[in-house]
Amino acid sequence: MRRDATGSGDRRPARGLSAERTTLEVRIMIRPVAAGIDGSPESLAAAHWAAREAVRRGTALLLVHAWHWHPRPAPSVPADVSQRAWAEDLLTGVSDGLRAAHPGLRVLDRSVEDAPVTALLAVADEAALLVLGSRGLSGVTGYLLGSISQRVVSRSPVPVVLVRAGVGTCDEHFAAPDGISPDEIPQVPYRDVVLGLDTDRPCDELIEFAFDAARLRGAALRVLHAFSAPPSFAADRLVPVSGPELLAEHENAVVATLRPWCEKFSGVPVAETVVDGRAAGELVRASAGAALIVVGRRQRETRFGAYLGPVAHAVLHHADCSVAVVPHA
């Protein structure tokens, strides 16, 4: 099913406010996009993704590098340079590169002598979005999610986006025509944003994030809902439900869940897919050719610590595109 909405989903300033005053107030109120960097290729890809997202949102970019003094520094730290100086030089180099790539983008940087998880979670408290690198292995194996990333994703109070090394502007857009210059790639339409939706426990934070991500890109939103058919005689039914009837039930639930959001984001084209299958596998397949896939994470603690959830865990490890994990109640 597909619904192509018309009209604009842009947020307009309230009447009676000058454009200058409104812009100033928005800049004050909007939190920055934050990215953690450590000099690895995946963290640099995350920093560039975060810069593009900050430009799309019209907000600042905050780069954070957490480091700990160690008696045996990493091989990447030159012998004649202190660990603190190396950390600051790394941060300065990345910041300068992003300012050059995105003129007009306000880039803030922060070097923190602290454990990475502690530093990143502290930054998340003041950011709208946190972007981290994740080491991609292959199209089959997907993400190798490090312990730091996993702990941050499972505990962050704000959405976290995981970006693989090598992901760039081209990967967010549809294939460019032959002969197009690199400067023209941003004008090529964005690939779709994919949302994994659970109609039994829908949450506003997750749905709004996905719709807004599509709106910012001028992209279509693909909503995927997967369900598992119960036994023929389910305990709570008096008569068996056929495959088509059950499918129609779930399709109606998806349409009803999305209706108010389609009205709010009237400029976002929406395509719904309802399948009988496992959510994790279907979302991983849907990630092929997407710009971003959006999944949820319930904010709850277990006796073993923060809980990520099996669907989010599988998508983070195997998706072919960047993944946004949105915490919700």
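On a predicted model such as this, the values are computed, not experimentally measured, just so you know.

Draft legend 1. How the structure looks around the overall build of the chain. In terms of regular secondary structure, the chain is built from 10 helices and 14 strands. For the chain, the proportion of its 329 residues judged to be buried stands at 44%. Surface exposure of the chain reaches about 17,100 Å², of which carbon and sulfur atoms provide 54%.

Draft legend 2. Inspection of the side chain of Glu172 at higher detail. Relative to the helices and strands, Glu172 resides in helix H6 (residues 169-172). Looking at Glu172, the relative accessible area reads 2%, which means it is buried. If we ignore the near neighbours within four places in the chain, the residues touching Glu172 are Trp49, Arg52, Arg56, Tyr190, Arg191 and Ala291.

Draft legend 3. Broad picture of the packing of aromatic side chains. Counted under the stated rule, the structure contains 1 aromatic pair. Between the NZ or CZ atom of Arg56 and the centre of the ring of Trp49, over which it lies, the distance is 5.6 Å.

Draft legend 4. Looking closely at the pairing of strand S14 (residues 322-328). Burial analysis of S14 places 7 of its 7 residues in the buried class, the great majority of the element. Burial along S14 is two-sided: Ser322, Ala324, Val326 and His328 and Val323, Val325 and Pro327, pointing in opposite directions, are all buried. Of the pairings in the sheet, the one linking strand S7 (residues 160-164) to S14 comprises 3 bridges and is antiparallel in character. If you follow Val160 over to S14, its bridge partner there is Val325. Summarising the sheet, strand S11 (residues 292-298) and S14 pair through 7 bridges and their orientation is parallel. Pairing of Gly296 across the sheet is with Val326, part of S14.

Draft legend 5. Molecular detail of the pairing of strand S8 (residues 193-196). Of the two faces of S8, the one carrying Val193 and Leu195 and the one carrying Val194 and Gly196 are both buried. As paired strands, S8 and strand S9 (residues 221-227) are joined by 4 bridges and run parallel to one another. Residue Leu195 lies in a different strand from S9, and its bridge partner there is Val223. Taking the sense of rotation as the criterion, the β-α-β connection linking S8, helix H7 (residues 204-217) and S9 turns out right-handed. Across 3 bridges, S8 lies against S11 in parallel orientation. Bridge pairing in S11 links Val193 to Leu292.

Draft legend 6. Broad picture of the nonpolar core. Core analysis: the largest hydrophobic core is formed by 50 residues, its most contacted members being Leu61, Leu63, Val131, Phe211, Leu221, Leu258 and Val294. Core analysis: the next-biggest nonpolar cluster, separate from the first, contains 33 residues, Leu121, Ala124, Val295 and Ala312 among them.

Draft legend 7. Looking closely at the confidence of the model for the chain. Of all residues in the chain, 74% have pLDDT values of 70 or greater, and the mean over the chain is 81. When mean pLDDT is compared element by element in the chain, S8 scores highest at 98, while strand S6 (residues 142-144) scores lowest at 42. Low confidence marks residues 4-28, where pLDDT is under 50. Its contacts with residues over four positions away, or in another chain, come to 21 contacts. Below a pLDDT of 50 lies the segment residues 136-144, which in the model reaches 28 contacts outside its immediate sequence neighbourhood of four places, other chains included.

Draft legend 8. Looking closely at the packing of helix H9 (residues 279-286) against helix H10 (residues 310-318). Their axes nearest at 9 Å, the elements H9 and H10 cross at an angle of 30 degrees. Judged by the angle between their axes, H9 and H10 are roughly parallel. Once H9 is placed against H10, the crossing between them reads as right-handed. On H10, the residues touching Ala279, Ala280, Leu283 and Val284 of H9 are Val311, Ala314, Val315 and His318. Counted by class, the contact of H9 with H10 contains 7 nonpolar, 1 polar and no charged residues.

Criteria and cut-off values
Residues numbered from 1 in each chain as written. Predicted model: local features only at pLDDT ≥ 70, side-chain atom pairs only at ≥ 80, totals over all residues. Heavy atoms only, no water. Helix = DSSP H or I, 4+ residues; strand = E, 2+ residues; numbered from the N terminus. Buried < 20%, exposed > 50% of the residue type's maximum accessible area, 1.4 Å probe, protein only. Areas by Shrake-Rupley, 256 points an atom, 1.4 Å probe, with all protein chains shown as cover. Contact = heavy atoms within 4.5 Å. Phe/Tyr/Trp six-rings, centres within 6.5 Å; stacked < 30°, edge-to-face > 60°. Lys NZ or Arg CZ within 6 Å of the ring centre and 35° of its normal. Pairing = 2+ DSSP bridges. Right-handed = clockwise from strand over helix to strand, strands pointing away. Core = buried A, V, L, I, M, F, W, Y, C linked by side-chain atoms within 4.5 Å. pLDDT = per-residue confidence, 0-100. Axes fitted to C-alpha atoms, helices over the stretch in contact; angles between N-to-C directions. Parallel < 35°, antiparallel > 145°, perpendicular 65-115°, else oblique. Left-handed = near helix turned anticlockwise from the far one by under 90°. Nonpolar A, V, L, I, M, F, W, Y, C, P; charged D, E, K, R; others polar.

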